[in-house]
Amino acid sequence: RLQQVFTASKAAAQTGESSISLQIGEPLTLEQVLEGSLIKSANDATVMVAESVAGSVPAFVTMMNERARVMGLPGTHFTNPHGLHNAAHVSTAADLAQIARAAMLNDTFARIVGTRETVIPWRGKPWMRKLVNRNRLLLRWDQCDGVKTGYTRQAGRCLAASATLDGCLSLTNVSNIV
């Protein structure tokens, strides 16, 4: 349902930190909000994704935790879709590497996290939103093809990275990057 249009809720529009400045009622396709989430690390977009996919953030978090359980990830428990700090929202580098490895098998996910920059509409503005990937390895190493950066004051700078060398996918999870 990547081309299905969803509208931003008040909760999504008010989610802070990194954002794409969603406005209440703003329409975007699921693919566009995934791009906001995965390329720009936009927390407002992650809430919109959660609500679009599962109907609510709590329902989406339940899906996330069920998937972590099925994948056998004992060090992971989610409380939100964006990773903003919550003492009960935890994971390990090993668990995140497994999640990234499984996600990279999805062509849509792999394409989006390997995108260096793109644009999406910005309702009410005469210009588009420019989304620039925060994974600097994408710019510095041709074999790098994803995955995701993250930052909170409590966790520091984090990175799960992927590269394809000679047709083989390799994943690394580096935490607390200086």
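One structure accompanies this document, and this report is about it. (Residues numbered from 1 in each chain as written. Predicted model: local features only at pLDDT ≥ 70, side-chain atom pairs only at ≥ 80, totals over all residues. Heavy atoms only, no water.)

### Details of the overall build of the chain
Point 1. Check the secondary structure of the chain and you find seven helices and seven strands.
Point 2. Along the chain, from the amino end to the carboxyl end, the secondary structure elements read β-α-β-α-α-α-α-α-β-β-α-β-β-β.
Point 3. Over its C-alpha atoms, taken along the principal directions, the chain stretches across nearly 45 × 35 × 30 Å.
Point 4. Evaluated residue by residue, the chain yields a buried proportion of 40% over its 178 residues.
Point 5. Look at the contacts in the chain between residues 6 or more apart in sequence, and 43% of them connect residues 24 or more apart.
Point 6. Summed over its atoms, the accessible surface of the chain is roughly 9800 Å², and 55% of this surface lies on carbon and sulfur atoms.
Point 7. In the chain, 18 side chains carry a positive charge and 13 a negative one; their mean positions are 7 Å apart. (Helix = DSSP H or I, 4+ residues; strand = E, 2+ residues; numbered from the N terminus. Buried < 20%, exposed > 50% of the residue type's maximum accessible area, 1.4 Å probe, protein only. Contact = heavy atoms within 4.5 Å. Areas by Shrake-Rupley, 256 points an atom, 1.4 Å probe, with all protein chains shown as cover. Lys, Arg positive; Asp, Glu negative; His and termini not counted. Charge placed at Lys NZ, Arg CZ, Asp CG, Glu CD.)

### Some thoughts on the pairing of strand E5 (residues 144-152)
Point 1. When E5 meets strand E6 (residues 156-165), the two strands line up antiparallel, connected through eight bridges. Each residue of the ladder has a partner; that of Lys-148, found in E6, is Ala-160.
Point 2. Connecting E5 to the next strand, E6, in antiparallel fashion are three residues. (Pairing = 2+ DSSP bridges.)

### A few points about the pairing of strand E4 (residues 129-132)
A regular strand carries its side chains on alternate faces of the sheet.
Point 1. Here E4 shows a buried face lined by Arg-129 and Leu-131 and an unburied face lined by Lys-130 and Val-132.
Point 2. In the sheet, strand E3 (residues 117-120) pairs with E4 via four bridges, with the strands oriented antiparallel. Its bridge partner lying in E4, Glu-117 is registered against Val-132.

### Examining the environment of Ile-120
Point 1. If you trace the backbone, Ile-120 turns up in strand E3.
Point 2. Residues Ile-120 and Gln-32, spaced 88 residues apart in sequence, show a C-alpha to C-alpha distance of 6.4 Å.
Point 3. When sequence neighbours within four positions are dropped, the list of residues in contact with Ile-120 reads Ile-20, Leu-28, Gln-32, Glu-35, Met-128, Arg-129 and Leu-131.

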